[in-house]
Amino acid sequence: MPIRSIAYVTKLLCCLVFGYFGLISAAFGESWKDRVYAHGFYTLDFTYSDSELGLVSNDRLSRSYEDDAAGLNNSVFGGQVEALVSDNLSTFFQGKAFFNDDDEAQSTLDWAYLSYDFGDDITIRGGKFLVPLLQGTELRSISYSRLWARPLIPIDGANGFHEYTGLELLKHIQQDSGSWQLQLSTGKPNHEDEDGEIESKNLQLFSARYQGENFWLRAATLHGNYTVKDGDDEVLDDSASVLMSSLESEIILGSYVLNMGYATSDSDITVNGSIYYASLGYQMGHITPFIYTSLSREHYDNYNEPPPPGFDDGNGPPLPDPAPEPPEEDDRIRDGDYDINSVAIGVRWHAGEGYGFKIQWENIEQKNSAGVDTDDPANDGNTFTILFEGVF
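All figures in this text were calculated on a predicted structure; none of them were measured in a lab.

### A few points about the pattern of salt bridges
Across all of its chains, the model carries nine salt bridges by this definition. A salt bridge links lysine 128 to glutamate 163; the nearest nitrogen and oxygen atoms lie 3.8 Å apart. Of the two residues, lysine 128 is situated in strand β9 (residues 122–130) and glutamate 163 in strand β10 (residues 161–174); the sequence distance between them amounts to 35 residues. Judged by relative accessible area, lysine 128 falls into the partly exposed class, the value being 24%. Judged by its relative accessible area of 15%, glutamate 163 falls in the buried class. Notably, a salt bridge pairs aspartate 238 with lysine 201, separated by 3.4 Å at the nearest N-O pair. With aspartate 238 in strand β14 (residues 235–253) and lysine 201 in strand β12 (residues 198–211), the pair connects residues that are 37 residues apart, well separated along the chain. Owing to a relative accessible area of 33%, lysine 201 belongs among the partly exposed residues under this scheme.

Rendered as structure tokens:
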């Protein structure tokens with residue numbers, strides 16, 4: 001049974017620890033003592049898989065595990081810094097370090113924005129953000145923020161929209177029985193296939209979160225515009241659009257913690273998707289056993305993948321002679337669903353202030369009735385995960 005990335009985890013952790021304390025030392029000078037706040041987060045993830053599987057990762061990269069293999073390559077280390085420039089103006093940065101498919105250290109900057117407080121609980125922010133459709137989109141890298149071991153959403157985020165550069169307007173409303181957090185966002189997204197078939201134009205998003213005494217409820221809707229191209233860089237649709245929405249909640253009933261969520265997308269030309277998840281935990285002091293289930297579905301309704309270069313489908317410009325003969329049956333047509341079903345049981349131990357452990361067993365079943373070509377193995381299998389995680 002091969003075990004990968006142990007040496008890389010050690011090196012990466014040492015570098016981040018020294019870098020983090022160096023940052024604090026520089027930032028907390030005498031003049032900035034009360035104006036700069038620095039925090040870190042980490043996840044040491046040891047996962048064993050009994051078959052070739054592709055798993056949702058903490059860092060947004062595809063994670064493929066070999067048959068009867070284990071590794072630490074799903075580990076993540078990160079930090080955030082907030083600086084108060086004035087009483088109303090502040091800056092915020094958050095990034096992380098992880099391993100790529102070659103077990104080499106890699107880092108990304110996920111958040112980088114300026115924030116201005118207008119008073120009356122109204123704030124405007126401008127810069128780079130993660131797309132806040134599902135809460136799991138924003139909290140993917142911070143395992144400490146969730147009960148279960150792995151993130152909720154697929155690798156490509158919200159139907160391929162993972163991050164964007166733009167503006168956010170936030171309004172907080174305090175009531176006697178609870179509070180509202182309203183958010184309006186607009187900007188230029190960075191799509192997962194930005195260098196290929198998809199060229200993003202803009203997105204608009206509205207979300208509302210209500211916090212009650214023993215529950216919270218969050219709803220969001222997103223509208224995006226983009227251009228779709230074929231393999232020859234010819235424009236297939238210059239005004240394609242997608243409408244996505246999500247609804248999720250957490251309810252605490254005595255010692256029970258119930259989480260539920262749903263997200264869906266409806267697009268003009270690209271693939272539609274949906275996600276369902278639910279979990280139930282039982283709090284016993286610092287220990288919470290839980291059960292979790294989810295379904296991730298891509299729906300293909302006579303979906304025609306963009307043709308490869310040099311293939312004449314009769315709709316494009318004439319090809320030079322001799323042109324390649326088209327196949328008798330167009331195998332680019334996709335019709336059906338690609339489903340990933342997951343059921344997991346586990347336990348979380350809140351060992352101390354800011355850190356804890358998780359143990360999770362997960363069964364994954366995949367059904368590819370649409371015949372979609374996938375980057376990761378589309379097998380059924382089981383995984384066993386041990387996590388050490390925390391924030392500081």
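### Section: the environment of serine 274
Tracing the backbone through its elements, the reader meets serine 274 in strand β16 (residues 272–282). If near-sequence neighbours (up to four positions away) are discounted, serine 274 is found in contact with Ala263, Thr264, Leu295, Ser296 and Arg297.

### Overview of the side chain of aspartate 339
Note on placement: aspartate 339 falls in strand β18 (residues 333–352). Exposure remark for aspartate 339: the relative accessible area of 8% places this residue in the buried category. One polar contact links aspartate 339 to arginine 297, side chain to side chain, over a distance of 2.8 Å. Discounting chain neighbours no more than four positions away, the residues touching aspartate 339 are Leu295, Ser296, Arg297, Glu365, Gln366 and Lys367.

Quick notes on the rules
Residues numbered from 1 in each chain as written. Predicted model: local features only at pLDDT ≥ 70, side-chain atom pairs only at ≥ 80, totals over all residues. Heavy atoms only, no water. Salt bridge = Lys/Arg side-chain N within 4 Å of Asp/Glu carboxyl O. Helix = DSSP H or I, 4+ residues; strand = E, 2+ residues; numbered from the N terminus. Buried < 20%, exposed > 50% of the residue type's maximum accessible area, 1.4 Å probe, protein only. Contact = heavy atoms within 4.5 Å. Polar contact = N/O pair within 3.5 Å; in protein donor to acceptor, adjacent residues only side chain to side chain.

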